[in-house]
Amino acid sequence: AAAARRAGFEAKVAALNPDSLIALLAEGVPAIVLYQSGRAPVTVPHYGVVTGWDVVRERFTLNDGSARPRVVRREDLEKQWRTAGSQALIVRRGRP
């Protein structure tokens, strides 16, 4: 968050829930989330950017560095994200 603020952006780290992510996406603000990637019992912390929400299918679009964005069920992302603390980095354009 500090690096984004130094670059002129508004940035904060906050504990959120899936409904908060959906509200941010409705405002056009993607969130950077830390989640546990992999299959139990072997998981690793990984960052991804939540860039979309499909209200009909109840799935998030997650850009995690793969060749293509992944589509993730709400409950799957929530579980993986909760195990990592449900933290999100929210970065918005700075005010002129």
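Residues numbered from 1 in each chain as written. Predicted model: local features only at pLDDT ≥ 70, side-chain atom pairs only at ≥ 80, totals over all residues. Heavy atoms only, no water.

This brings us to the nonpolar core. Soluble, globular proteins show a tendency: their nonpolar side chains are buried together. Of all hydrophobic cores here, the largest spans 18 residues; its most connected members are L16, L21, V33 and V50. Secondary structure elements with two or more residues in this core: helix 2 (18–26), strand 2 (31–39), strand 4 (59–63), helix 3 (74–82) and strand 6 (87–92). (Core = buried A, V, L, I, M, F, W, Y, C linked by side-chain atoms within 4.5 Å. Buried < 20%, exposed > 50% of the residue type's maximum accessible area, 1.4 Å probe, protein only. Helix = DSSP H or I, 4+ residues; strand = E, 2+ residues; numbered from the N terminus.)

Looking at where D64 falls in the secondary structure, it is placed in the loop between strand 4 and strand 5 (70–73). Residue D64 is classed as buried on the basis of its relative accessible area, which comes to 13%. A polar contact is formed between the side chain of D64 and the side chain of R70, at a distance of 2.9 Å. Look past the residues within four positions of D64 in its chain and what remains in contact with it is Y35, H46, Y47, G48 and R70. (Polar contact = N/O pair within 3.5 Å; in protein donor to acceptor, adjacent residues only side chain to side chain. Contact = heavy atoms within 4.5 Å.)

Moving on to the packing of aromatic side chains. Centre-to-centre distance and the angle between the planes together describe a pair of aromatic rings. By the definition in use, this model includes 1 aromatic pair. Aromatic side chains W53 and F60 sit 4.6 Å apart centroid to centroid with 45° between the ring planes, which places their arrangement in the tilted category. (Phe/Tyr/Trp six-rings, centres within 6.5 Å; stacked < 30°, edge-to-face > 60°.)

Here we take up the environment of G8. Examined against the element boundaries, G8 turns out to sit in the loop between helix 1 (2–6) and strand 1 (10–15). Classification of G8 as partly exposed rests on a relative accessible area of 45%. Counting along the chain gives 83 residues from G8 to V91, while the straight-line C-alpha distance between them is 10 Å.

This part takes up the pattern of salt bridges. Taken as a whole and judged by the stated rule, the model has 5 salt bridges. Note that R73 is salt-bridged to E75, the shortest N-O span being 3.3 Å. By relative accessible area, which is 35% here, R73 ends up partly exposed. Between D76 and R73 there is a salt bridge, with the nearest N and O atoms lying 3.0 Å from each other. One continuous salt-bridge network, built from bridges that share partners, spans R73, E75 and D76. (Salt bridge = Lys/Arg side-chain N within 4 Å of Asp/Glu carboxyl O.)

On to the environment of T51, then. One can find T51 in strand 3 (residues 42–54). Sequence-wise, T51 and L16 are 35 residues apart; in three dimensions their C-alpha atoms are separated by 15 Å. Contacts of T51, omitting those with residues within four sequence positions, involve L25, P30, T61 and N63.

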